[in-house]
Amino acid sequence: MEISDLLLLSFVSKNMKKLIKSSQMCRFSRISSVDYSSDPKGNINVYMESKHNWCKQVMRIQKHEEVNNDYFKLNVSGKMMDFRIQERYNDLVAASFHSYDKVSVVESIHTYFLDFFGDSIEYWWRASGHKHVVPQLQNVSASACVLDTNDGTQMRNLENFFSSSPVFKHVELFEKPGPLNPDSKFYQAESVDIVQRGTTVTAILRHFQGRQAVVYCDQCKMLDFKEFVERWRSGEAFQKLEFLEFRTSYDGVNQNRLLNAIRVKHIDATKTPPTHILPKVLAFPGECETTDPIISHTYVVRKSDNRVASVLFERRTFSFGVWDKTEEEFLKMVQ
C-alpha cells in the first residue's frame, strides 16, 4: 500500500493507527523529511522524501469547495475535519479548511504526523510567494521563495510576511524594490539567496544576522565591502556568519585597492592555503550541497576571538569564508 493509503487508513481508529505504526516501523524509518509546500493560492501539498531519493505526495490541504458534497469527516488529533478523495490527483486524500480555521487544521494534521511518523525526521514548510504567512509549528524549519515584489504595496506585504512568520531557515528573494527595515526578521534567516538590480541590496552587508548569504547584483561599492569587513573584524556584527558571496554584473571595484582598504594579511605565494568549504544550510535537489570553495592567500582576523576569515575578490565576485579556527590554528593548515 502507498503511504498515502496507510495514512488515510490510520485515521479510522486508534487501534488501526497503532497497528500501522508498529508494522511499518522499518518503512517509516526510511523517510527523511515531510515537506509542506505552500503555493501562491494558500493550498498546501504534503510530500515525503526518503533517504533513497524518492519523493511522493501523500496529502493535499486546500480551501473548502462549497460546490462539492463528497466530503467525509475524520477525527485528526481531536479535531473533526472534512476530507475528500480527489480523482484528478490520482485519488489523493485532501483535507479541507475554511478561511477561519486554516491554521487549526494545519496544526492538527502536523501534530498527527509528529505522532505517526515521529519527530526524528525533518519537517519543512516551503512557501512560494509572500501572500500567506507561515504558521508556527513544532519542529518545522521554513524556507521561502519570493519573486518580483515590484511595488510599494507588495513591499508592505513582504514586511508583514517576514514579521508574522517564524524565522526562516532559507530565503530566496528576487527583485525587491528597496531595502527592508533594518530590524526585519528577513535578516535573521540562517541562509539567503538574493537577486537584485541596483545598489539597495548592499543592506545585506549591514544587517544580516544569519550564517550564509549569496547575492547577485549589478554593482557594489568598495566602501560597502570595507564597512562590512571592519564591522566583522571588530566583533560588532556578523557573529554567526560562515560564508558570504557577492557576485556583481559590472566591474566597479579594483581588487588591489579593496584588499588594501580592508587591510588583509597575506600567506606566502609559494604556499598552498587551505580550502574553505561548508555544507549549505539548504540545498535543493540537483544543487551542489556545499558552498563555493574559497582558496585564497589573503585573510583577516577578528579582534574579539582571533578567528580567521578567508577573503577572495576575483572575476567580480567577493567571497568571505569564516573559519572556526584562530590565526595560529589556521596557519598550521597552510601547506
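Note that the structure is a prediction, hence the values are computed from the model and not measured. (Residues numbered from 1 in each chain as written. Predicted model: local features only at pLDDT ≥ 70, side-chain atom pairs only at ≥ 80, totals over all residues. Heavy atoms only, no water.)

1. Focus: the side chain of lysine 102
Working step 1: Here lysine 102 is to be found in helix H4 (residues 102–117).
Working step 2: Buried and without a salt bridge, lysine 102 has aspartate 39 as its closest oppositely charged side chain, separated by 7.2 Å.
Working step 3: Of the polar contacts made by the side chain of lysine 102, one reaches the backbone oxygen of glycine 42; its length is 2.8 Å.
Working step 4: Ignoring anything within four residues of it in the chain, the contact list for lysine 102 reads Gly42, Ile44, Phe97 and His132. (Helix = DSSP H or I, 4+ residues; strand = E, 2+ residues; numbered from the N terminus. Buried < 20%, exposed > 50% of the residue type's maximum accessible area, 1.4 Å probe, protein only. Lys, Arg positive; Asp, Glu negative; His and termini not counted. Salt bridge = Lys/Arg side-chain N within 4 Å of Asp/Glu carboxyl O. Polar contact = N/O pair within 3.5 Å; in protein donor to acceptor, adjacent residues only side chain to side chain. Contact = heavy atoms within 4.5 Å.)

2. Examining a nonpolar patch on the surface
Working step 1: On the surface, Met1, Leu9 and Val12 cluster together to form a nonpolar patch covering roughly 300 Å² of accessible area.
Working step 2: For valine 12, the location among the structural elements is in the loop between helix H1 (3–10) and helix H2 (14–23). (Patch = residues over 30% accessible without salt bridge, like charges linked within 9 Å, V, L, I, M, F, W, Y side chains within 5 Å. Areas by Shrake-Rupley, 256 points an atom, 1.4 Å probe, with all protein chains shown as cover.)

3. Points about unusual backbone geometry
Working step 1: Backbone geometry places serine 77, a non-glycine residue, at a positive phi of 55°.
Working step 2: Within the secondary structure, serine 77 sits in the loop between strand E4 (72–76) and strand E5 (79–86).
Working step 3: Look at serine 77 and you get partly exposed, because its relative accessible area is 37%.
Working step 4: A positive phi angle is found at asparagine 306, which is not glycine, with a value near 65°.

4. A word on the packing of aromatic side chains
Working step 1: Scanning all chains against the criterion turns up 25 aromatic pairs.
Working step 2: Between phenylalanine 11 and tyrosine 112 the ring centres are 4.7 Å apart and the planes differ by 55°, which places this aromatic pair in the tilted class. Residue phenylalanine 11 is found in the loop between H1 and H2, and its partner tyrosine 112 is found in helix H4; the two are separated by 101 residues along the sequence. Of the two residues, phenylalanine 11 and tyrosine 112, neither departs from the other in class, the shared state being buried.
Working step 3: For the pair phenylalanine 162 and phenylalanine 186, a centre-to-centre distance of 5.3 Å together with 55° between the ring planes defines the contact as tilted. On the criterion of sequence distance, the pair formed by phenylalanine 162 in helix H5 (residues 152–164) and phenylalanine 186 in the loop between strand E9 (170–174) and strand E10 (191–196) is long-range, its members being 24 residues apart.
Working step 4: For phenylalanine 162, a relative accessible area of 1% translates into the label buried. (Phe/Tyr/Trp six-rings, centres within 6.5 Å; stacked < 30°, edge-to-face > 60°.)

5. A few points about the layout of surface pockets
Working step 1: Taken as a whole, the largest pocket spans an internal volume of roughly 620 Å³.
Working step 2: Lining the largest pocket we find 23 residues, and of these Glu49, Glu122, Arg126, Leu282 and Ala283 sit closest to its centre.
Working step 3: Broken down by secondary-structure element, the contributors of at least two residues to the lining of the largest pocket are strand E1 (31–38), strand E2 (44–50) and strand E7 (122–128).
Working step 4: Among the elements that make up the lining of the largest pocket, the one with the highest residue count is E7 (four residues).
Working step 5: When its volume is computed, the second largest pocket comes out at roughly 260 Å³.
Working step 6: As for the second largest pocket, its lining consists of 20 residues, of which Asp193, Val214, Tyr216, Lys280 and Thr290 are closest to the centre.
Working step 7: Within the residue set of the lining of the second largest pocket, elements represented by two or more residues are E9, E10, strand E11 (212–217) and strand E12 (243–248).
Working step 8: The element that contributes the greatest number of residues to the lining of the second largest pocket is E11, accounting for four residues.
Working step 9: For the lining of the second largest pocket, the residue count by class is eight nonpolar, five polar and seven charged. (1 Å grid on protein atoms, 1.4 Å probe; cavity = no way out; pocket = protein on both sides within 12 Å on 5 of 7 lines; lining within 4 Å. Points joined across faces, edges and corners; volume = space filled by probe spheres on them. Nonpolar A, V, L, I, M, F, W, Y, C, P; charged D, E, K, R; others polar.)

6. What about the packing of H2 against H4?
Working step 1: Their axes nearest at 10 Å, the elements H2 and H4 cross at an angle of 50°. It follows from the interaxial angle that H2 and H4 lie oblique. Facing H2, whose interface residues are Lys17, Ile20 and Lys21, H4 presents Tyr112, Asp115 and Phe116.
Working step 2: A breakdown of the residues in the contact of H2 with H4 according to their chemical character gives three nonpolar, no polar and three charged. (Axes fitted to C-alpha atoms, helices over the stretch in contact; angles between N-to-C directions. Parallel < 35°, antiparallel > 145°, perpendicular 65-115°, else oblique.)

7. A word on the confidence of the model for the protein chain
Working step 1: Looking at the protein chain as a whole, its pLDDT mean stands at 89, while 95% of the residues score no less than 70.
Working step 2: The secondary structure element of the protein chain with the lowest average pLDDT is H5, at 82, and the one with the highest is strand E16 (residues 298–301), at 97. (pLDDT = per-residue confidence, 0-100.)

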